[in-house]
Structure formats: structure tokens, C-alpha cells
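Each chain, written out:
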Amino acid sequence: MAKDFLKDTLDEYDVVVIGSGLAGLTSANTLARQGRKVLLCEQHYKLGGMATWFKRPGGHIFDISLHGFPIGMIKSCRRYWTREIADSIVQLKNIRFDNPMFSLSTTFNREDFSKLLISQFNVPEETVKAFFDTARGMNFYDDQGTTTKELFEKFFPGREDVVRLLMEPITYANGSTLEDPAISYGIVFSNFMSKGVFTFEGGTDRLIQLMHEDLKKSGVDVRINADVQKINLENGKVKSVTVNGKEIRCKAIVSNSNLKLTIFNLIGEEHFDKKFIEDAKEVRLNNSSTQVYIAMKPDEQIPEETGDLLFSSTAPAFRTDLLLSRDITSRTYSFYYPRTRPDGRPRSLVVSSTNARWEDWANLSEDEYKVSKDDLAETTLDALEKYVPNVRERVDHVEVSTPKTFQRYTKHQLGSSFGTKFEGLAVSRALPEQIPGLYHAGSVGIIMSGWLGAINYGVIVANDVDSYVMKASTNSQLADSTN
């Protein structure tokens, strides 16, 4: 296991990585493989950030965010992690929708979606092809003024049923709304449409164990219970970090912490340009979520035809405000069958997820908070009854998490589950221009959110950091030789 933060750390590292979400883990591993001396600090007692799990009596293991990702994870994990990790990624083949507008099952890829849109939704074939080609061709440098709503109006005017099919799962995946830039939708949607939805066989606990083993093999000094309290500067550049009261020098820092927390708490706005701080203050945090974790009794199994992911809603149409409302009308169920952990006890689990607002939970009294959690559990069981008959008699354990839960364990401001809105990416990328040696790799800009986006962003940032450290080392050697 990872070591607690003790006195046997070195006094200086090339790079300190703050946080062990997938972006932080990947940055640390990439830099260590490039020969850098890396310290990874995680404030929690487990690695993984949002990619984590918890255990409950009866052999139940719940995954926090293992719901599905695009096929690109296989290539990224094989290249930046290990073949064993990549080979454990398997497809989820039964994605279901059930709402007042339509009820259907799909493999969630371009071929199947095209057939559905043409045959069931009566959209002309040329329109479907043009839409998919447009979404597939989007990239970060495209026009950012066009919204997702305008994109849908261009291809499917007045078709709220089509919008619901195309938008609802992406909103669930990363918090996107119709008002966000179309490119943030198109890039993520096209990644999924390539080959469908995939997951990690063995659960998040096995994934993080394998990643930790590879980090140690690469030479990363991995520390848990290591709370980075301050980033220290000297002459406007990164000098060190203060961890659990101890100062550790470094040439560069990769913060996998929340973007705003990094800027305003770990450093302080007085160290940045006025315009940069204005831009940083304008960055909107993405919404949070609630989850209800439901474990079936050991002898109770859920038929696999129930689905892998089920997007269920009683709302008459797709509306972002309804998805965030405390009066819940939309739930996404992730079903975990014994095959999720083939080497573990044969257990069936359900995680019901809903998008949520921090302010709806943050100011409740202790009694109100408990009542609200109990109500969420009960109403979720009521809703699940449609798909898992007699669920109350078959359940062994029920537990609820809220935006306050996410904030408590991850320190993400406002309990944000998906990082920042689109504008956060530019601010994240601009950090080293403000403070040499300071980098950020986290869930920003929607397109860098989710498991695949986090891993890829971690690699991008690691390569930038490696170049910086190399240049700084060269300059230091030249300075020494002239003295």
C-alpha cells in the first residue's frame, strides 16, 4: 500500500504531484518514466480521487464513478499504464433508455444510433450522417460560440425526442448542458459513438491497485494522508510545497486539485496578473451529484437483461433544470453484476445517480440533512421497483452520498463532480505562464473530464512539465559553469 506521510521523504524532488485522481496518477507515472524524481501527495487515505470505492459488510464493494468510458481508454491505458490494465477493459453492451418519449436498448455506438434515428425516430439518413460527421470533426480550436442547443436545432429542429436521446447520457457523463459550447458535446459524444461504452473488469479497487504497482515500478514516491497546505514561490517561480507542515523543495508542481482551490487557496491571487484572476473568477464549476448505493442480498441476483446502464426519467421532456432539481424525475442506474468482479463474491449492486446542486444540500441542518438523505433513499427504491421488482425485500444495504459527501472526501469546491465548465481549460493551461513551474491537470473544460479525458490531460501536462524541468536543469548547469 501507499506510505503515510512520514519523515523519510526526500527534501527535494523534481516534481510534486498534488492529488491522485486519474490525471494526477497519470502525470506522476509519465514523469517518472521520463526519469524525473516524483513525489505524489494524496490527502485521503486511498488513491484514486473520484475513481475510488468503498466496502460494506456482506462482501459488498461499491464503485464511486465506474459507470462507463469510451474505447479510447484501452489505447491510453496500454500506452501510459500497462497491458494488464488495458486488457481488463470490457464493453457494456446493453444501454437502456426509458422515458415518456421512448423506451429502447442500444449498444451506444454510431452504427446502432444511426439505425435508431432513421428507423425509430424517422430522421432522414443524410441528416443523421451529416450530424455524426460534424460532431466527429469537432476539435478544441473550432468556433466556441455555437452552443449544443444550436447544433441540435441545425440538424433536428423541433425534435425534442432526438435531443433527449443524444443529450441525456452526455449530461449524465460530464454535466454538459444545452447552453455549453457545441464542441464540448461533440468531442465527448463522438468518443463514445466510436465503439460504445466500456468499463473496467475487476472494479476500481483492482484498477487502482494495478496503477499503484506500476507507479512504484516507475519510481514514484507515493504518499497518502499527505495534505498539501501551501505552494511556496521564490522570485515568482515554484520553490516548494508545504505538506503536513513540512516544506519539500521541487522544480515543478502538477496540481490535480480543484482549479480554483489551486489558484486561490494553495497560492493566493496576489501572485497572479489581474486579468488572469478576473478570468479565473469567471470560471464556473460544474454541478455535483447524488448517488444511492444499493446492495442486493447475497442470494439475490438481478437479470442481466435489466441493462448495464439505464437512463430513466418520468419528465415529459429533456430539461437541464429538471435534471438538477431536488424533485427528482431522472435517474441513471448503473447495474453491477457478478461479472464486474469475477474473482470476488457473486454480488449484484445498483448505483442510482442524479445530477444535483450544491446549494440544495449545503445549508441544511443536521436533522434536515438526514431526513433528505432518507427521503432520497426511499424515493429511489420506489423508482427502482419498476426495474427490480420487490426490491425492498431483496436489498441488503442502502447508502446515500450527496454534494457534501463529494466535497468532504475530495475537497472539490461546491462538491463538483465534473470539474469546471469549458472556460476552465484555458485558465488551467495558462497557469505556467503566470508562475513558471506550476501546472494543473484535472477535470476542466468538460472535454478533459471523465476517465479518458483525465488520463489524456495528465499525459499532456506531464510532457509540458518534463520540458520545463529539462530546460530549468540545463539553465542551472550553465549558470553553475559560468560562476
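The structure under discussion appears in the preceding block.
Residues numbered from 1 in each chain as written. Predicted model: local features only at pLDDT ≥ 70, side-chain atom pairs only at ≥ 80, totals over all residues. Heavy atoms only, no water.

Pairing in this open sheet of seven strands is mixed, and the strands run β8-β7-β15-β16-β17-β14-β18 from one edge to the other. Whereas interior strands pair on both sides, the edge strands pair on one side only; in this sheet they are β8 (103–106) and β18 (395–401). On average, adjacent strands in this sheet sit at an angle of 15° to one another, irrespective of strand direction. Helix-sheet contacts for helix α4 (residues 110–120) involve β7 (95–98) and β8, and the interaxial angle to β8 is about 150°. (Pairing = 2+ DSSP bridges. Helix = DSSP H or I, 4+ residues; strand = E, 2+ residues; numbered from the N terminus. Axes fitted to C-alpha atoms, helices over the stretch in contact; angles between N-to-C directions. Contact = heavy atoms within 4.5 Å.)

Another point: the side chain of Thr 402. Along the polypeptide, Thr 402 turns up in the loop between β18 and α16 (403–410). Only 2.6 Å separates the side chain of Thr 402 from the side chain of Tyr 369, close enough to count as a polar contact. Apart from the residues lying within four places of it in its own chain, the contact partners of Thr 402 are Ser 289, Thr 290, Trp 361, Tyr 369 and Lys 373. (Polar contact = N/O pair within 3.5 Å; in protein donor to acceptor, adjacent residues only side chain to side chain.)

With that settled, the discussion passes to the pairing of strand β17 (residues 349–356). Counting buried positions over the eight residues of β17 gives eight, a clear majority of the element. Burial of the side chains of β17 extends over both faces: Leu 349, Val 351, Ser 353 and Asn 355 are buried on one face and Val 350, Ser 352, Thr 354 and Ala 356 on the other. Relative to β17, strand β14 (residues 288–296) is paired through eight bridges, and the arrangement is antiparallel. Looking across to β17, one finds that Ile 294 is bridged to Val 350. In terms of strand pairing, strand β16 (residues 330–336) meets β17 through five bridges, oriented antiparallel. Each bridged residue has a counterpart across the sheet, and for Tyr 336 the counterpart in β17 is Leu 349. (Buried < 20%, exposed > 50% of the residue type's maximum accessible area, 1.4 Å probe, protein only.)

Here helix α1 (residues 22–33) is 12 residues long and its end C-alpha atoms lie 16 Å apart, about the 16 Å a rise of 1.5 Å per residue gives. Counting buried residues along α1, 11 of its 12 residues qualify, which places the element largely inside the surrounding structure. Taken as a whole, α1 has its buried residues at Leu 22, Ala 23, Gly 24, Leu 25, Thr 26, Ser 27, Ala 28, Asn 29, Thr 30, Leu 31 and Ala 32. One or two residues past the end of α1 sits Gly 35, with phi positive at roughly 95°. (Expected span 1.5 Å × (residues − 1).)

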